[in-house]
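Chain by chain, the residues run as shown.
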Amino acid sequence: MKIRLVNEGIFTPIDDINTTLTAPEEGFYWIDADLDDLVILQPLFQMHDLAVEDCLNDEEQRPKMEIYEGHYFIVINSIRFDDEEIFLRALNIFLGKHYIITITKQKINELRTVKPLLWEQEVSSADRMLYLVIDTVVDSYFKVADRIEAKIENLEEEVLVNAKKSHLNEIISLRSEILWVKKELAPQKELLLVLYRKDLRLIDDNLQKYFRDIYEDAVKVAETFDTFRDLMANLRESYQSSIANRANEIMRVFTAMTTIFMPLTFITGIYGMNFDNIPFIHYKYGAVFLIGFMFMLGTIMLIWFKKKDWL
């Protein structure tokens, strides 16, 4: 657990947790904790049992906001993409008048990213930090969306050039991940709408208006993932068309080869019969003449097929 006094973006480490129970003369306290620290934090800050239970729950939590006496409990999902799978990680936030407590199961990059923003903007209030954290979380969705878009474009190029069975597995997997994230975005938008519209005494009225911009960004993210869903459907159709076209191409080659060998097989069939009166059968160079004729016939047919663009 890390405890910091934040005033005008400047961090001052705090050793005694009891110091955070009373409001500082200037600034606010930021307590960055993990799940084990809830044993200490719950009685000190009178955290509601349901909020603590949500933090400890192994199941994925739906983004939401709960209003309790003296503090708010907020759950928002950060996002990470490793080119194969999308991960959503819950960021649990307890917001008080003079403190903000962030609790996570795993490390979340947005908490590291927000530190220089606190310094640059000389932040001195907990609600302002809440705004920056949520804004950073939503911005990370755009970065992931850009990477997903690039992956879809690469997949599309590979499918059009040379479709493989592995591409279908990638398409199905990525489409499943996109649909899953899209489903999770709906409650995230609801949370931001509450932060924007609801009368919240722990958030400054002027600051609350800025949550509208974050909400609009969340709507754009949701629309982007809607587009991805349609693109994945189109990509799957492209894959199936590419496979069908390649099968047709192979069948066309096989058909042309079969057509070329049909007259050759007919000729060899005749000369394979046990008749004595067959042209050139007793001729000294009959075999050479026959093989040359068959080669010439096959070559002529091959050139003709290519000229007709059948091969």
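Below is a summary of the structure that appears in this document. This structure is a prediction, so every number in the text was calculated from the model and none was measured. Residue numbers here run from 1 along each chain, matching the order of that chain's written sequence. Reporting in this predicted model follows two pLDDT cut-offs: at least 70 for local features of residues, and 80 or more for side-chain atom pairs to be given and counted; totals over whole chains, interfaces and linings ignore these cut-offs and use all residues. Computation of side-chain values: all heavy atoms of the structure, hydrogens and water removed.

1. Observations concerning a nonpolar patch on the surface
Only residues whose relative accessible area exceeds 30% and that take part in no salt bridge are eligible for patches, with like-charged residues grouped when within 9 Å of each other and nonpolar side chains (Val, Leu, Ile, Met, Phe, Trp, Tyr) grouped when within 5 Å. Values of accessible area rely on a 1.4 Å probe in the Shrake-Rupley scheme; residue burial ignores everything except the protein chains shown. A pair is scored as a salt bridge if a Lys or Arg side-chain nitrogen falls within 4 Å of a carboxyl oxygen belonging to Asp or Glu. On the surface, Ile 250, Met 251, Val 253, Phe 254, Met 257 and Phe 261 cluster together to form a nonpolar patch covering roughly 560 Å² of accessible area. Its location among the elements puts Met 251 in helix H7 (residues 211-271). Under the DSSP-based scheme used, a helix requires at least four consecutive residues in state H or I and a strand at least two consecutive residues in state E, with every element numbered from the N terminus.

2. Describing the pattern of salt bridges
A full pass over the atoms with the stated rule returns six salt bridges. Measuring nitrogen to oxygen at the nearest pair gives 3.7 Å for the salt bridge that ties Glu 170 to Lys 151. Of this pair, Glu 170 sits in helix H5 (residues 165-197) while Lys 151 sits in helix H4 (residues 126-162), placing them 19 residues apart in sequence. Overall, the relative accessible area of 30% leaves Glu 170 in the partly exposed class. By relative accessible area, which is 21% here, Lys 151 ends up partly exposed. Its salt-bridge partner being Arg 229, residue Asp 230 comes within 3.8 Å of it at the nearest N-O pair. Buried residues are those whose accessible area, probed at 1.4 Å on protein chains only, stays under 20% of the maximum for their type, while exposed residues exceed 50% and partly exposed ones sit between those limits. What makes Asp 230 partly exposed here is its relative accessible area of 44%. Under the relative-accessibility criterion, Arg 229 is labelled partly exposed at 32%.

3. So, empty space enclosed by the protein
Any residue with an atom within 4 Å of a point lines the site, the site being either a cavity, points on a 1 Å grid over the protein atoms alone where a 1.4 Å probe fits but cannot get out, or a pocket, an open set with protein on both sides within 12 Å along at least 5 of 7 lines. Grid points are joined across faces, edges and corners, and a volume is the space filled by probe spheres set on the points. A full pass over the atoms with the stated rule returns one cavity of 30 Å³ or more. If you add up the space inside the largest cavity, you get close to 40 Å³. Where the lining of the largest cavity is concerned, the elements lending two or more residues are H4, H5 and H7. Amino acids outside the nonpolar list (Ala, Val, Leu, Ile, Met, Phe, Trp, Tyr, Cys, Pro) and the charged list (Asp, Glu, Lys, Arg) are all regarded as polar, and Gly is one of them. Residue composition of the lining of the largest cavity, by class: five nonpolar, one polar and one charged.

4. Considerations on the packing of aromatic side chains
The geometry of an aromatic ring pair comes down to the distance between the two centres and the angle between the two planes. The criterion for an aromatic pair is that two Phe, Tyr or Trp rings (for Trp, the six-membered ring) have centres within 6.5 Å, with stacked assigned to planes under 30 degrees apart, edge-to-face to planes over 60 apart and tilted to the rest. Counted under the stated rule, the structure contains six aromatic pairs. Look at Phe 45 and Tyr 99: their rings are 4.7 Å apart centre to centre, the planes differ by 50°, and that puts the pair in the tilted class. Here Phe 45, found in helix H1 (residues 38-45), pairs with Tyr 99, found in strand E7 (residues 99-104); they are 54 residues apart in sequence, far enough to count as distant. Each member of the pair, Phe 45 together with Tyr 99, is buried. Note on Phe 225 and Phe 228: the rings are 5.5 Å apart at their centroids and 75° apart in plane angle, and the pair reads as edge-to-face. Here Phe 225 and its partner Phe 228 are both found in helix H7, three residues apart, which amounts to about one turn of the helix. A residue is classified by how much of its surface remains accessible, and Phe 225, at 0% relative accessible area, is buried. One aromatic cluster is present, built from ring pairs that chain together Tyr 131, Tyr 210 and Phe 211. A ring is considered to have a charge above it if a Lys NZ or an Arg CZ atom is located within 6 Å of its centre and within 35 degrees of its normal. Cation over ring: Arg 4 sits above Trp 30, and NZ or CZ is 4.7 Å from the ring centre. A cation sits over an aromatic face here: Arg 128 above Tyr 210, 5.9 Å from the ring centre.

5. Side note on the pairing of E7
Counting buried positions along E7 yields six of six residues, so the element is predominantly enclosed. Following DSSP output, two strands are said to pair if at least two bridges run between them. Taken together, the six bridges between strand E3 (residues 28-34) and E7 define a ladder with parallel strand orientation. Bridge assignment links Asp 34 to a residue of E7, and that residue is Thr 104. Bridge count between strand E6 (residues 86-95) and E7: five bridges; the pairing is antiparallel. Within E7, the residue paired with Leu 91 across the bridge is Thr 104. Linking E6 back to E7 in an antiparallel pair, the connection comprises three residues.

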